[in-house]
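What follows is the residue order along each chain.
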Amino acid sequence: MDTVFGIEFEGGVILAADQSNARSILTYQSNLDKITQLSSHSALGVSGPNADLVNFSQYISKNLELYQLSNDGLQLSTHAQANYCRGELATAL
C-alpha cells in the first residue's frame, strides 16, 4: 500500500511518502523516491505501480523544464503547474 500525503501550514507545506515498492506480500524495492522536485518552490508526490509513477513524474518534470526553456526562462506558477499536471492526468485517463 502506498502512502503519500501533504500537510499545509502557515509559511509552507510538508510532503511525506513511504519508499517501498510492494505488491501483495512482496516488497520489490525499499528505497523508491516518490516525491519529485518540479521547481525551487514545488514538488510532486506520486503513488501507484512503479513504472507508472516514475514515467508520469518524469513526464511532468521534463515538460515543465521544456516550457521554461521555450519561454526565455519563464517559470509556471505553482497553480499553473497543478493545472497542467491535472490536465495531463485527465487526458491519460
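Residues numbered from 1 in each chain as written. Predicted model: local features only at pLDDT ≥ 70, side-chain atom pairs only at ≥ 80, totals over all residues. Heavy atoms only, no water.

A.B. asks: Explain unusual backbone geometry to me, please; I cannot follow it from the model alone.
C.D. replies: In terms of backbone geometry, most residues other than glycine have negative phi values and most peptide bonds are trans. The phi dihedral of Asp-72 is positive, around 50 degrees, even though this residue is not glycine. Here Asp-72 is to be found in the loop between α1 (50-70) and α2 (78-92). (Helix = DSSP H or I, 4+ residues; strand = E, 2+ residues; numbered from the N terminus.)

A.B. asks: What's the story with a nonpolar patch on the surface in this structure? I'm lost.
C.D. replies: A contiguous nonpolar surface patch, about 390 Å² in accessible area, is contributed by Phe-5, Ile-7, Phe-9 and Ile-14. At three residues, the largest contribution of residues to the nonpolar patch is made by strand β1 (residues 4-9). For Phe-9, the position within the fold is in strand β1. (Patch = residues over 30% accessible without salt bridge, like charges linked within 9 Å, V, L, I, M, F, W, Y side chains within 5 Å. Areas by Shrake-Rupley, 256 points an atom, 1.4 Å probe, with all protein chains shown as cover. Salt bridge = Lys/Arg side-chain N within 4 Å of Asp/Glu carboxyl O.)

A.B. asks: Would you take a moment to explain the layout of surface pockets for this structure?
C.D. replies: Here the largest pocket defines a volume of roughly 310 Å³. As for the largest pocket, its lining consists of 15 residues, of which Leu-38, Ser-42, Ala-43, Leu-44 and Ala-82 are closest to the centre. Sorting the residues of the lining of the largest pocket by element identifies β2 (12-17), β6 (42-45) and α2 as the ones contributing at least two each. When residues in the lining of the largest pocket are grouped by element, the largest group, six residues, is from α2. Grouping the amino acids of the lining of the largest pocket by side-chain chemistry returns nine nonpolar, five polar and one charged. Taken as a whole, the second largest pocket encloses approximately 210 Å³ of empty space. Looking at the second largest pocket, the residues that line it are Leu-44, Gly-45, Val-46, Ser-47, Asp-52, Phe-56, Tyr-59, Cys-85, Glu-88, Leu-89, Ala-92 and Leu-93. If you list the elements that add at least two residues to the lining of the second largest pocket, you get β6, α1 and α2. A total of four residues in the lining of the second largest pocket trace back to one element, the largest contributor, which is α2. Here the residues of the lining of the second largest pocket are counted per class, giving eight nonpolar, two polar and two charged. (1 Å grid on protein atoms, 1.4 Å probe; cavity = no way out; pocket = protein on both sides within 12 Å on 5 of 7 lines; lining within 4 Å. Points joined across faces, edges and corners; volume = space filled by probe spheres on them. Nonpolar A, V, L, I, M, F, W, Y, C, P; charged D, E, K, R; others polar.)

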